[in-house]
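Below, each chain spelled out in residue letters.
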Amino acid sequence: DQQVKQNSPSLSVQEGRISILNCDYTNSMFDYFLWYKKYPAEGPTFLISISSIKDKNEDGRFTVFLNKSAKHLSLHIVPSQPGDSAVYFCAAHPTDSWGKLQFGAGTQVVVTP
Amino acid sequence: NAGVMQNPRHLVRRRGQEARLRCSPMKGHSHVYWYRQLPEEGLKFMVYLQKENIIDESGMPKERFSAEFPKEGPSILRIQQVVRGDSAAYFCASSPYTTGYGYTFGSGTRLTVV
């Protein structure tokens, strides 16, 4: 039962342009959403998060938007840099969970010169 | 301050053997989580442990898999009688809190069953 979905397996974007990554979820009982970035042969690293009571959170080049009515969140990276080439995972924290996260399948981002 | 340490990085086992994966959390972190990533998939939660306690093992397969986090030493994920379908990357994460934000992941152990 995949409750967190990333429907785009890959995204190619030019350096300097905006990268927009999308994530949909089906469970209304998530209280926190997170984005992780993963390079090959490394573990995921935390990027940015957003509480379910907010609709936007910004940290430098990264902004996450949450649309609860649509059960949709997105990550914007502006401007995209070559070092942003990685797999990005959307994750959600269930309200009744003791720290368990549910992850999407990931989106491979490639930033081209 | 070292991060979350997992070893070995790569592990090859023949079908029917046992696999032991180790995870040392970050200093000061008493919460450990194990996740598995199958090819082309996202990370799937397996188990959440605190020292000497299993808090949530809802993601663990019912047979052959076990986990522990003893009072002293690393957390161990043990897979008995491995099968080809166990081939995956296994990631450990630790946190100082009971919430899912504040995780630090290790670099993972890639298990290959031949």
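Notes on the structure follow. (Residues numbered from 1 in each chain as written. Chains lettered and ligands numbered in written order. Predicted model: local features only at pLDDT ≥ 70, side-chain atom pairs only at ≥ 80, totals over all residues. Heavy atoms only, no water.)

## As for the overall build of chain B
Logical step 1: A count of helical and extended segments in chain B gives zero helices and eleven strands.
Logical step 2: The secondary structure elements of chain B, listed N-terminal to C-terminal, are β-β-β-β-β-β-β-β-β-β-β.
Logical step 3: Here the C-alpha radius of gyration of chain B, 13 Å, is about what a compact globule of 114 residues would show, namely 13 Å.
Logical step 4: If you take every contact in chain B between residues at least 6 apart in sequence, the share linking residues at least 24 apart comes to 53%.
Logical step 5: Carbon and sulfur atoms form 46% of the exposed surface of chain B, whose accessible area is close to 5,800 Å². (Helix = DSSP H or I, 4+ residues; strand = E, 2+ residues; numbered from the N terminus. Rg over C-alpha atoms; globule rule 2.2 N^0.38 Å. Contact = heavy atoms within 4.5 Å. Areas by Shrake-Rupley, 256 points an atom, 1.4 Å probe, with all protein chains shown as cover.)

## Observations regarding the packing of aromatic side chains
Note on aromatic pairs: each is described by the distance of the centres and the angle between the planes.
Logical step 1: Within the structure shown, the criterion is met by 15 aromatic pairs over all chains.
Logical step 2: Pairing Tyr33(B) with Tyr103(B) gives two aromatic rings, centres 4.4 Å apart and planes at 40°, and the pair type is tilted. Placement of Tyr33(B) in strand β4 (residues 31–37) and of Tyr103(B) in the loop between β9 (88–95) and β10 (104–105) is noted, with a sequence separation of 70 residues between them. Exposure class is identical for Tyr33(B) and Tyr103(B). Each is buried.
Logical step 3: One aromatic cluster in this structure is built from Tyr36(A), Phe46(A), Phe89(A), Phe103(A), Tyr33(B), Tyr35(B), Phe45(B), Tyr48(B), Tyr103(B) and Phe105(B). (Phe/Tyr/Trp six-rings, centres within 6.5 Å; stacked < 30°, edge-to-face > 60°. Buried < 20%, exposed > 50% of the residue type's maximum accessible area, 1.4 Å probe, protein only.)

## Some remarks on the sheet that holds strand β8 (residues 75–79) of chain B
All names here are of chain B.
Logical step 1: Strand order in the open sheet formed by four strands is β1-β3-β8-β7, and the pairing between neighbours is antiparallel. If you trace the sheet from one side to the other, it starts and ends with β1 (5–7) and β7 (65–68), each paired once. Each adjacent strand pair in this sheet contributes to an overall mean axis angle of 15°, direction not counted.
Logical step 2: Here strand β3 (residues 19–24) pairs with β8 via five bridges, running antiparallel. Looking across to β8, one finds that Leu 21 is bridged to Leu 77. (Pairing = 2+ DSSP bridges. Axes fitted to C-alpha atoms, helices over the stretch in contact; angles between N-to-C directions.)

## Quick notes on the interface of chain A and chain B
Logical step 1: Taken together, the contacts link 18 residues of chain A with 22 residues of chain B.
Logical step 2: Summed over both partners, the interface of chain A with chain B comes to about 1,600 Å²; 62% of that surface belongs to carbon and sulfur atoms.
Logical step 3: Ranking the residues of chain A by area buried against chain B places Trp98(A), Lys100(A) and Phe103(A) at the top, with a combined share of 32%.
Logical step 4: Scanning the region where chain A abuts chain B turns up one salt bridge. (Buried area = accessible area lost by both parts, 1.4 Å probe. Salt bridge = Lys/Arg side-chain N within 4 Å of Asp/Glu carboxyl O.)

## Things to note about a nonpolar patch on the surface
Logical step 1: A cluster of nonpolar side chains, namely Ile18(A), Ile20(A) and Val78(A), defines an oily patch on the protein surface of about 220 Å² accessible area.
Logical step 2: Tracing the sequence through the fold places Ile20(A) in strand β3 (residues 19–25). (Patch = residues over 30% accessible without salt bridge, like charges linked within 9 Å, V, L, I, M, F, W, Y side chains within 5 Å.)

## Considering the layout of surface pockets
Logical step 1: Roughly 570 Å³ of volume is contained in the largest pocket.
Logical step 2: Lining the largest pocket are 30 residues, and of these Lys38(A), Val87(A), Phe89(A), Gln37(B) and Arg110(B) lie nearest its centre.
Logical step 3: Elements represented by at least two residues in the lining of the largest pocket include exactly β9 (86–94) and β11 (107–112) of chain A together with β9 and β11 (109–113) of chain B.
Logical step 4: Of the residues that constitute the lining of the largest pocket, the class distribution is 13 nonpolar, eleven polar and six charged. (1 Å grid on protein atoms, 1.4 Å probe; cavity = no way out; pocket = protein on both sides within 12 Å on 5 of 7 lines; lining within 4 Å. Points joined across faces, edges and corners; volume = space filled by probe spheres on them. Nonpolar A, V, L, I, M, F, W, Y, C, P; charged D, E, K, R; others polar.)

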